[in-house]
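Working through the structure, step by step
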Amino acid sequence: MKRFVSFFSAALILTLLSCNVVKNPRLTDNFNDGWKFHLGDTIDPQSPEFNDQSWRMLTLPHDWSIEGSFDKNSKAGYGGGYLNGGIGWYRKTFILDKNIYQDKDIFIDFDGVYCNSEVWINGHYLGKRPNGYISFQYELTKYLKLGKRNVIAVRVDNSHQPNSRWYSGSGIYRNVWLNAVSPVHFKQWGIGITTPKVTPQKATIKTQFQISLPGTDSSAVTIEAKLYDTEGKLVAQNGKVVSKDKKYNTTLELIAPHLWSTEDPYLYKLVSQLYVNKKLTDQVTTQVGVRYFNFDADNGFSLNGKPLKIVGVCNHHDLGCLGTAVNKRAIERQLEILKAMGCNGIRTSHNPPAPELLDLCDKMGFVVMDEAFDMWEKSKTTFDYSHEFKKWHTRDLQDQVLRDRNHPSVVLWSVGNEIPEQWRDSLNAGARIMKNLCSIVRSIDTTRPIVTANNEPNPKNAIINSGETDLIGINYHIENWLKFKQDYPGKKLIVTESTSALQTRGWYQMPSDTISRVPKRWDIPYSTPHHFCSAYDNCSAPWGSTHEETWKIIKAHSYLSG
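Residues numbered from 1 in each chain as written. Predicted model: local features only at pLDDT ≥ 70, side-chain atom pairs only at ≥ 80, totals over all residues. Heavy atoms only, no water.

**So, empty space enclosed by the protein**
Per the counting criterion, the structure on display carries two cavities of 30 Å³ or more. Roughly 180 Å³ of volume is contained in the largest cavity. Lining the largest cavity we find 21 residues, and of these His316, His317, Pro353, Ala354 and Leu357 sit closest to its centre. Of the residues belonging to the lining of the largest cavity, the class tally is ten nonpolar, nine polar and two charged. Along its surface, the second largest cavity is lined by 15 residues, and Ala76, Gly80, Leu83, Gln161 and Ser168 are the ones closest to its centre. (1 Å grid on protein atoms, 1.4 Å probe; cavity = no way out; pocket = protein on both sides within 12 Å on 5 of 7 lines; lining within 4 Å. Points joined across faces, edges and corners; volume = space filled by probe spheres on them. Nonpolar A, V, L, I, M, F, W, Y, C, P; charged D, E, K, R; others polar.)

Right, dumping it as structure tokens:
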């Protein structure tokens, strides 16, 4: 009997505790299932009445280019893997339960669509995003019919080729989410976290909140910020939030912080709760890594006060023969292999990555150079982003920094790779654009340095001469590393791209102690009867160097960050 009473009492306590748990009013659903796809343009598929019964049913993410046949005449060329682009349409029919979604603001979030995407809901045009790598959101609320049939349609135009110097893929190749929130809610990417002061004894965690407040008195709004460790223990909290001009901030003090590092990527969990007149209206959970780092002109990179050589890779967004359709396990596998090789850094060559990559870098312990653009106003391929840069670069860069700013793995913003404007011209476009891009980044985040990757690292470089970059990035030009302190006294250096060694696995050629550069020049085709390069690490591109040549210099000089 006593056992029964004890069990009943314990069950009653658990029931009472569960009743005290407040349900999160924010609803986030994966929206990848149940899409229909048609390759090719067609008439009026954005109309809810359009008959799509003949279309193919699929689950996102989806890359239609990798499903095609290799075509030696493809306009995408070798950069696009000789796989064709084209125009594709996606449609999804769905019903939202009125009892669940009533009085909610409803948004659809796309992590990335390549490229020139246009979106309609129930025939209403929502907008266009040309950039194929950027994440974006549309509000659906006023066009939805709760409890009834709704149709969302997406047109993707990757027909103008070539528009990339590497394989881009085509379609809604990243995840899609449906978010439903109370009218008073945290805005998309509206929570910004910094750790301005970190010591072994204490860390200061500052959080800024951007809130949607339609018709609500800001004095009625309060925010509670609670920090939990990996075991779920509450380690810091602050419910006192100062409101000034509808800008909300809070500060947490964390005693004896467990620091995030590449060897020990420890993550806390910040739960931000938004209340209006003491009623919970929104809740968002954010992973937090407490760390501090520095780039020094003489001593290179340090993490948490300890010197660390960044041994990184320039990693494009594709998954090899799987194409570009995001697969978290495939990304994780890539990172596991790199980690086993001794890699501790990732450069997102040469555009914003999938959110899953940064989540995994946080979890697995990689430092990241988060890159925005491969070109500015001057083009590299016929139909690339340069045609959209003037109109879209501000929005795209803002969205990237807002989305990625809370990742502890991100230690650098790169706003350009091998930009043609680095060569001085009469308009001095390099300095003008660089100043603009840096001001955009710094208006959102001042905690990370800004860099560009320069393949012409001479003192006349217009981007470097702008004085805006916090670090100077050099692509290749191994001879310039050794004279860097002479060319740029007091400046900080990171090698943004290097090596370009060539090897055919399992094929060896003698003599093994002779280094060859192939082709002789970048614009001269390379051809041999066997099409192989020796795996002895004694072959590189003419602009590059072997692994051994590169690493010997990097490890011998402390001012080289990595």
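**Description of helix H10 (residues 547-556)**
Among the residues making up H10, those that are buried are Thr550, Ile553 and Ile554. For H10, the buried positions fall inside an angular range of 100 degrees around the axis, keeping them on one side. Of the residues in H10, the exposed ones pointing more than 90 degrees away from the buried face are Lys552, Lys555 and Ala556. The elements touched by buried residues of H10 are helix H8 (478-482) and strand E28 (493-497). (Buried < 20%, exposed > 50% of the residue type's maximum accessible area, 1.4 Å probe, protein only. Helix = DSSP H or I, 4+ residues; strand = E, 2+ residues; numbered from the N terminus. Arc of directions from axis to C-beta. Contact = heavy atoms within 4.5 Å.)

**Let's talk about the environment of glycine 320**
One can find glycine 320 in the loop between strand E22 (312-314) and helix H3 (328-341). Sequence separation between glycine 320 and alanine 340 is 20 residues; the distance between their C-alpha atoms is 19 Å.

**Considering the pattern of salt bridges**
What the rule picks out here adds up to 26 salt bridges. Of the charged contacts, one joins aspartate 157 and arginine 155 as a salt bridge, the two residues approaching to 3.8 Å between their closest N and O atoms. Aspartate 157 gets classed as buried once you look at its relative accessible area, which sits at 12%. Judged by its relative accessible area of 14%, arginine 155 is buried. Across the pair arginine 442 and aspartate 470 runs a salt bridge whose closest N-O atoms are separated by 3.2 Å. Of the two residues, arginine 442 is situated in helix H6 (residues 429-442) and aspartate 470 in the loop between helix H7 (462-465) and strand E27 (472-475); the sequence distance between them amounts to 28 residues. The exposure class of aspartate 470 is partly exposed, given its relative accessible area of 33%. Several salt bridges share partner residues, and in doing so they unite Asp41, Glu118, Arg155 and Asp157 into one network. (Salt bridge = Lys/Arg side-chain N within 4 Å of Asp/Glu carboxyl O.)

**Notes on the packing of aromatic side chains**
Under the defined criterion, the tally for this structure stands at 21 aromatic pairs. An angle of 45 degrees between the planes, with centres 4.8 Å apart, marks the rings of phenylalanine 295 and phenylalanine 301 as tilted. Phenylalanine 301 shares its class with phenylalanine 295; the two are buried. Members of the aromatic cluster, each reached through a chain of ring pairs, are Phe31, Trp35 and Phe94. Of note, lysine 269 hangs over the ring of tyrosine 228, and the distance from its end group to the ring centre comes to 5.9 Å. The ring of phenylalanine 366 carries the charged tip of lysine 339 above its face, separated from the ring centre by 4.7 Å. (Phe/Tyr/Trp six-rings, centres within 6.5 Å; stacked < 30°, edge-to-face > 60°. Lys NZ or Arg CZ within 6 Å of the ring centre and 35° of its normal.)

**As for unusual backbone geometry**
Geometrically, the link from glutamine 161 to proline 162 is a cis peptide bond, its omega value of 0 degrees lying close to zero. Along the chain, the position of proline 162 falls in the loop between strand E9 (149-158) and strand E10 (176-181). In this model, valine 518 is joined to proline 519 through a cis peptide bond whose omega is -5 degrees. A positive phi angle is found at serine 500, which is not glycine, with a value near 55 degrees. Locating serine 500 in the fold gives a position in the loop between E28 and strand E29 (516-517).

**Brief notes about the side chain of threonine 348**
By the element assignment, threonine 348 lies in the loop between strand E23 (345-347) and helix H4 (355-364). From its side chain, threonine 348 meets the backbone nitrogen of glutamate 371 in a polar contact 2.8 Å long. Residues within four places of threonine 348 in sequence aside, it is in contact with Asn315, Pro353, Leu357, Val368, Met369, Asp370 and Glu371. (Polar contact = N/O pair within 3.5 Å; in protein donor to acceptor, adjacent residues only side chain to side chain.)

**Observations concerning the sheet that holds E28**
A sheet is described by the order of its strands in space; here seven strands give the open sequence E22-E23-E24-E25-E26-E27-E28, paired in parallel fashion. For this open sheet the edge positions go to E22 and E28, each flanked by a neighbour on one side alone. Within this sheet the neighbouring strands show an average axis-to-axis angle of 25 degrees, counted without direction. For strand E26 (residues 450-454) and E27, the ladder comprises two bridges, and the chain directions are parallel. Looking across to E27, one finds that alanine 453 is bridged to glycine 473. In the packing of H4 onto the sheet, the strands contacted are E23, strand E24 (367-371) and strand E25 (410-417), and the crossing angle to E24 comes to about 160 degrees. (Pairing = 2+ DSSP bridges. Axes fitted to C-alpha atoms, helices over the stretch in contact; angles between N-to-C directions.)

**What to know about the confidence of the model for the chain**
Overall, the predicted model of the chain reaches an average pLDDT of 93, with 94% of residues at or above 70. Between residues 1-20, whose pLDDT stays under 50, and residues either more than four places distant or in other chains, the model counts zero contacts. (pLDDT = per-residue confidence, 0-100.)

**As for the pairing of strand E8 (residues 136-139)**
Taking every second residue as pointing to the same face, the buried face of E8 carries Phe136 and Tyr138, while none of Gln137 and Glu139 on the other face is buried. Two elements, strand E5 (residues 105-110) and E8, share four bridges in a ladder whose sense is antiparallel. Residue pairing for E8: aspartate 109 is matched across the bridge by glutamine 137.

**Focus on the state of the cysteines**
Applying the stated criterion to the full structure yields zero disulfides. In this model cysteine 314 remains outside any disulfide bridge; the closest cysteine sulfur is found in cysteine 343, 10 Å from its own. On the basis of relative accessibility, which here comes to 34%, the residue cysteine 314 falls in the partly exposed class. (Disulfide = S-S within 2.5 Å.)

**Considering a nonpolar patch on the surface**
Taken together, the side chains of Phe70, Tyr78 and Tyr82 present a nonpolar region at the surface, about 440 Å² in accessible area. With respect to the helices, strands and loops of the structure, tyrosine 82 is situated in the loop between strand E3 (56-58) and strand E4 (86-95). With a relative accessible area of 35%, tyrosine 82 lands in the partly exposed category. (Patch = residues over 30% accessible without salt bridge, like charges linked within 9 Å, V, L, I, M, F, W, Y side chains within 5 Å. Areas by Shrake-Rupley, 256 points an atom, 1.4 Å probe, with all protein chains shown as cover.)

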